[in-house]
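# A look at the structure
Here is what each chain is made of, one letter per residue.
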Amino acid sequence: MATTTAPPTPAPKEEQPYVELGKKRRTGLKLLGIVVIWLILWVILRGNQTRELGFQDTTGFHTWLNEIRDWVQLHGPNNWFFNGVLGTIGDVFNAVFEFLQKVISIPAAPRPVPEIGWLGVVAIAAWLTWAVAGIRSTILVTVSMLFFGIFGLWSESMDLLLVTILAVVVCFVIGLPTGILMARNKTVSTVITPVLDIMQTMPPFAYLAPIALGFGIGPTTGIVLTVIYALPPLVRITEHGIRSVPATTIEAARSMGLTNRQMLRQVQLPMARRTIVVGINQSMMAALSMATIAALVNGPGLGKPVVAALQVQNIGAASVAGIAIVLMAIMLDRTTTAASERSESQGRSGVASVSGPGVMLAGIALEALPRWAKEDAGKGVRQPRLTNAGRWMVRGLWAIPVIVAVLLSRSQINLATFPNRDVWPFIKPIDGQSLSKGINSFSDWVIDKVDVVTLALKDNVTSGVINPFQHLLAESPWWLMAVVILGIAFVLGGVRPLITTAVCLAIIFATGLWNDSMVTLAMTLIATVLVMVVAVVLGVGMGRSRRTDTIIRPFLDAFQTIPPFVYLVPALALFGVGRFTAIMAALAYAVPIATKLVADGIRGVSPTTVEAANASGSTKWQMITKVQLPMAREALVLATNQGILYVLSMVVIGGMVGGGSLGYIVVSGFSQDQLFGKGLAAGIAITALGVMLDRIARHAAARAGR
């Protein structure tokens, strides 16, 4: 008898989650409407009520700021705040800095040389680096410091290093307790966070005039500027590190009866140690960046030769000083990173309490070996580990040759003052003089070969893109431009950025620099668009391919360590002075951070979604445009936010190479006495512009993530 088979039961359809789509915002359509109305009104009203101000012209507000400056200069020496408070702070910074200069940088009278010569400084730096960061960082630090001397920039390099380290120490003393307090007290965090937001939004140039007003022009101002600019990263990262300690760990510690102080010292700080070291690293990079810019207010360091060379368009001299700045940035970045990793590794492994003379000597011998020798020596053998006392014994033994080097550098003139090419003939091919000449020759050769291309690119982009867009913003009536910006802020972010934008626009209007602010805004937006085009192309490639990421990311890391000042040198060499040069420098400065954010966003798209799209037969182009980029929209908006802030800071600095507008006005305020008030007003306008763009982009990112 034939058997009958029941028909297969159809698989139940997978129940789809119900998603409430809500009301469509139609953001693109609204923005298009704003732009169309704007263009029509611009054609009709072009050139009217633009609030354009001649370069030498000033307003009543600028005159009032000049009068404040005059009052401070006249009454400051007898005023309790300017002389008593700011004067005391300035005197302390100046005294400490001058003392350290005489130790390693400048002659300490009656000696014709510093207290410790170059050999002693290099030996001390190498020993300290080896103690905290390992042999690789020691080699990097030693080679970098030798190049500072070979370039003929030893004194300037030591001054920059002193300013940076002094600023970071002050930031640590202030920032660590502040970050801890913010992490443990929500009220304090709520009060301080907006202040940190504004400080981190302000481009570096915006700090120059107000700090110079309080402390004058000189090294003290450079140090104070560096401290203020480098403080926010350390405070915020410290707060994040303390807050990131798991709640279960906190509860377990409380159950053991730990007090708040014990909790902080024995649990929270040790577990947040690596994060805090990252904060120190970021603070150090910010300090180095600001210390170079502080040369504009006579701050000490390598910024001075860069500024002097840029003023006469000496590409070679600017490049040599720029290379020294890059070497210092890489040296400090890699050393602090290695110290963080080493600290974390030792924290995880602990230190075994092995004792005994034989074991101690074996441990000391092994500790002194390089890593490859340790591995070979340890094969098949249990390696003895040193106690903390043993580690310090090893460091003490290695300190003996350091002390010898210091003593020799105090008694031998060639070991106190870095030898020049006459004393060391073998450095002639790579010393600062030869390198500067070589770079100038190479720059001239490149310009002769490619100037037709670069100048044509510059002229075409300037006439075809920069000028028309600048005319659109700067030649619109001020009230029309204000309404357009307010409308865009509302469409992209809602009511809150609308209010912030209205306040910022009112501040810009009050400074009397509306037209110059629109010129700066035009360059910023053009550069940001270019940044995002490059960032999306590179970021998509990195997010989709680990091999591509491995190749590109080291270059991005290296570019991120370079202070913004340095980007002006190659841009000036290739394109000469002009707004296009400032935009190209801003492009190079902002691309690394934006690219990394885009790559992280693409990589963060759910693998399940990607597999489903592949299964449906999507092509590579469809996968990118229909799946990955739309789902990484929040990362794209965040990348745009960071790109705008980086671009704005660089465009403002680009005023030194023909960028004009607000940045050039700030610089002119220090060189022309009657324009100080106008330069200070330009700094205020830059700050308002930065806060406005930051808030619009932040709220747009938040809305994109919903």
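Note that the coordinates shown come from a computational prediction; the quantities given were computed from them, not determined experimentally.

### Focus: the overall build of the chain
Of the regular secondary structure elements, the chain holds 30 helices and 0 strands. Residues classed as buried in the chain amount to 48% of the 706 residues present. Here the chain displays about 34,800 Å² of accessible surface, and carbon together with sulfur accounts for 65% of that area.

### Observations concerning the pattern of salt bridges
Tallying each qualifying case throughout the model produces 16 salt bridges. A salt bridge links Asp-549 to Arg-603; its shortest N-O distance comes to 2.8 Å. One end of the pair, Asp-549, is in helix α23 (residues 546-560); the other, Arg-603, is in helix α25 (residues 579-603), with 54 residues separating them in the sequence. For Arg-603, a relative accessible area of 25% translates into the label partly exposed. The salt bridge involving Asp-557 is made with Lys-596; its shortest N-O contact spans 2.4 Å. Placement of Asp-557 in helix α23 and of Lys-596 in helix α25 is noted, with a sequence separation of 39 residues between them. By relative accessible area, which is 28% here, Asp-557 ends up partly exposed. One network of salt bridges, with partners in common, ties together Asp-197, Arg-236, Asp-694, Arg-695 and Arg-698.

### Points about the packing of aromatic side chains
Here the structure, examined in full by the defined rule, presents 19 aromatic pairs. Between Phe-559 and Tyr-567, the aromatic rings sit 6.4 Å apart at their centres with planes inclined by 25°, giving stacked as the arrangement. Looking at Phe-559, the relative accessible area reads 37%, which means it is partly exposed. Judged by relative accessible area, Tyr-567 falls into the buried class, the value being 5%. Positioned over the ring face of Phe-509 is Arg-51, at 3.9 Å from the centre of the ring.

### Brief notes about the confidence of the model for the chain
This prediction gives the chain a mean pLDDT of 84; 89% of its residues lie at or above 70. Looking across the chain, the model is least confident in helix α15 (residues 357-368), with a mean pLDDT of 41, and most confident in helix α21 (residues 495-511), with 94. Low pLDDT, under 50, characterises residues 1-22; the stretch is placed with 0 contacts to residues that sit more than four places away or in other chains.

### Some thoughts on the packing of helix α6 (residues 154-184) against helix α7 (residues 186-201)
A pair of packed helices is captured by two measures, namely the crossing angle of their axes and the spacing between those axes. It is at 6 Å that the axes of α6 and α7 come closest, and there the two elements cross at 125°. It follows from the interaxial angle that α6 and α7 lie oblique. In the packing of α6 onto α7, the handedness of the crossing is left-handed. Side by side, α6 and α7 meet where Thr-178, Leu-181, Met-182 and Arg-184 of the first sit next to Lys-186, Val-188, Ser-189, Ile-192, Thr-193 and Leu-196 of the second. Of the residues in the contact of α6 with α7, the class split is 5 nonpolar, 3 polar and 2 charged.

### Description of α21
Over its 17 residues, α21 runs 25 Å from end to end, which matches the ideal 24 Å to within 8%, given 1.5 Å per residue. All of the buried residues along α21 are Pro-497, Thr-501, Cys-504, Leu-505, Ile-508 and Thr-511. Angular distribution of buried residues about the axis of α21 spans 110°; they occupy a single face of the element. Those residues of α21 that are exposed and angled more than 90 degrees off the buried face are Arg-496 and Ile-499. Immediately downstream of α21, the backbone of Gly-512 shows phi near 80°, a positive value.

### Regarding the packing of helix α26 (residues 607-615) against helix α27 (residues 620-631)
One can describe the packing of α26 onto α27 by two numbers: an axis separation of 11 Å at closest approach and a directional angle of 165°. In terms of orientation, α26 lies roughly antiparallel with respect to α27. Read as a crossing pair, α26 and α27 show a hand that is right-handed. Facing Thr-609, Val-610, Ala-613 and Asn-614 of α26, the residues of α27 in contact are Met-623, Val-627, Gln-628 and Met-631. Tallied by class, residues from the contact of α26 with α27 come to 5 nonpolar, 3 polar and no charged.

### Quick word on the nonpolar core
Among the nonpolar cores identified, the biggest contains 161 residues, and Met-145, Trp-154 and Leu-208 are the most heavily contacted of them. Element by element, the count of residues in this core is highest for α25, at 14 residues. Setting aside residues no more than four positions away along its own chain, Leu-208 makes contact with Leu-225, Met-290, Ile-293, Leu-296, Val-297, Val-666 and Phe-670. The next biggest cluster of nonpolar side chains, apart from the first, holds 7 residues, and it includes Ile-242, Leu-264, Ala-272 and Ile-276.

### What to know about the environment of Gly-576
For Gly-576, the location among the structural elements is in the loop between α24 (564-575) and α25. Look past the residues within four positions of Gly-576 in its chain and what remains in contact with it is Lys-458, Ala-571 and Thr-581.

### Some words on a nonpolar patch on the surface
A cluster of nonpolar residues, Leu-29, Leu-32, Val-36, Ile-40, Val-43 and Ile-44, forms a patch on the protein surface that exposes about 600 Å² of accessible area. Looking at where Val-43 falls in the secondary structure, it is placed in helix α1 (residues 27-45).

### Points about unusual backbone geometry
Cis geometry is adopted by the peptide bond preceding Pro-110, which originates at Ala-109 and carries an omega value of 5°. With respect to the helices, strands and loops of the structure, Pro-110 is situated in the loop between α3 (80-104) and α4 (118-133). Positive phi, close to 50°, is recorded for Gln-49, a residue that is not glycine. Along the polypeptide, Gln-49 turns up in the loop between α1 and α2 (60-75). Of note in this structure, Asn-298 is not a glycine but carries a positive phi near 65°. Along the chain, Asn-298 falls in the loop between α12 (273-293) and α13 (303-311).

### Notes on the environment of Ala-682
On the secondary structure map, Ala-682 appears in helix α30 (residues 676-704). The exposure class of Ala-682 is buried, given its relative accessible area of 0%. C-alpha of Ala-682 to C-alpha of Ile-508: the two residues are 174 residues apart in sequence and 8.8 Å apart in space. Residues in contact with Ala-682, not counting those within four places in the same chain, are Leu-513, Leu-662, Ile-665 and Val-666.

### Let's talk about the side chain of Asp-333
Along the chain, the position of Asp-333 falls in helix α14 (residues 315-349). Look at Asp-333 and you get buried, because its relative accessible area is 10%. If we skip the residues at most four places from it in the chain, Asp-333 touches Asn-281, Met-285 and Thr-561.

### Notes on the side chain of Asp-694
Among the secondary structure elements, Asp-694 is positioned in helix α30. According to the relative accessible area criterion, Asp-694 is buried, its value standing at 1%. At a separation of 2.2 Å, a polar atom in the side chain of Asp-694 contacts the side chain of Arg-695.

### Examining α1
Relative to the 27 Å expected for 19 residues at 1.5 Å per residue, α1 spans 27 Å between its end C-alpha atoms, a close match to the ideal helical length. Within the span of α1, buried status applies to Ile-34, Trp-38 and Trp-42. Angularly, the buried residues of α1 cover 65° about the axis, an arc narrow enough to put them on a single face. In α1, the exposed positions angled more than 90 degrees off the buried face are occupied by Leu-29, Ile-37, Val-43 and Ile-44.

The rules behind these values
Residues numbered from 1 in each chain as written. Predicted model: local features only at pLDDT ≥ 70, side-chain atom pairs only at ≥ 80, totals over all residues. Heavy atoms only, no water. Helix = DSSP H or I, 4+ residues; strand = E, 2+ residues; numbered from the N terminus. Buried < 20%, exposed > 50% of the residue type's maximum accessible area, 1.4 Å probe, protein only. Areas by Shrake-Rupley, 256 points an atom, 1.4 Å probe, with all protein chains shown as cover. Salt bridge = Lys/Arg side-chain N within 4 Å of Asp/Glu carboxyl O. Phe/Tyr/Trp six-rings, centres within 6.5 Å; stacked < 30°, edge-to-face > 60°. Lys NZ or Arg CZ within 6 Å of the ring centre and 35° of its normal. pLDDT = per-residue confidence, 0-100. Contact = heavy atoms within 4.5 Å. Axes fitted to C-alpha atoms, helices over the stretch in contact; angles between N-to-C directions. Parallel < 35°, antiparallel > 145°, perpendicular 65-115°, else oblique. Left-handed = near helix turned anticlockwise from the far one by under 90°. Nonpolar A, V, L, I, M, F, W, Y, C, P; charged D, E, K, R; others polar. Expected span 1.5 Å × (residues − 1). Arc of directions from axis to C-beta. Core = buried A, V, L, I, M, F, W, Y, C linked by side-chain atoms within 4.5 Å. Patch = residues over 30% accessible without salt bridge, like charges linked within 9 Å, V, L, I, M, F, W, Y side chains within 5 Å. Polar contact = N/O pair within 3.5 Å; in protein donor to acceptor, adjacent residues only side chain to side chain.

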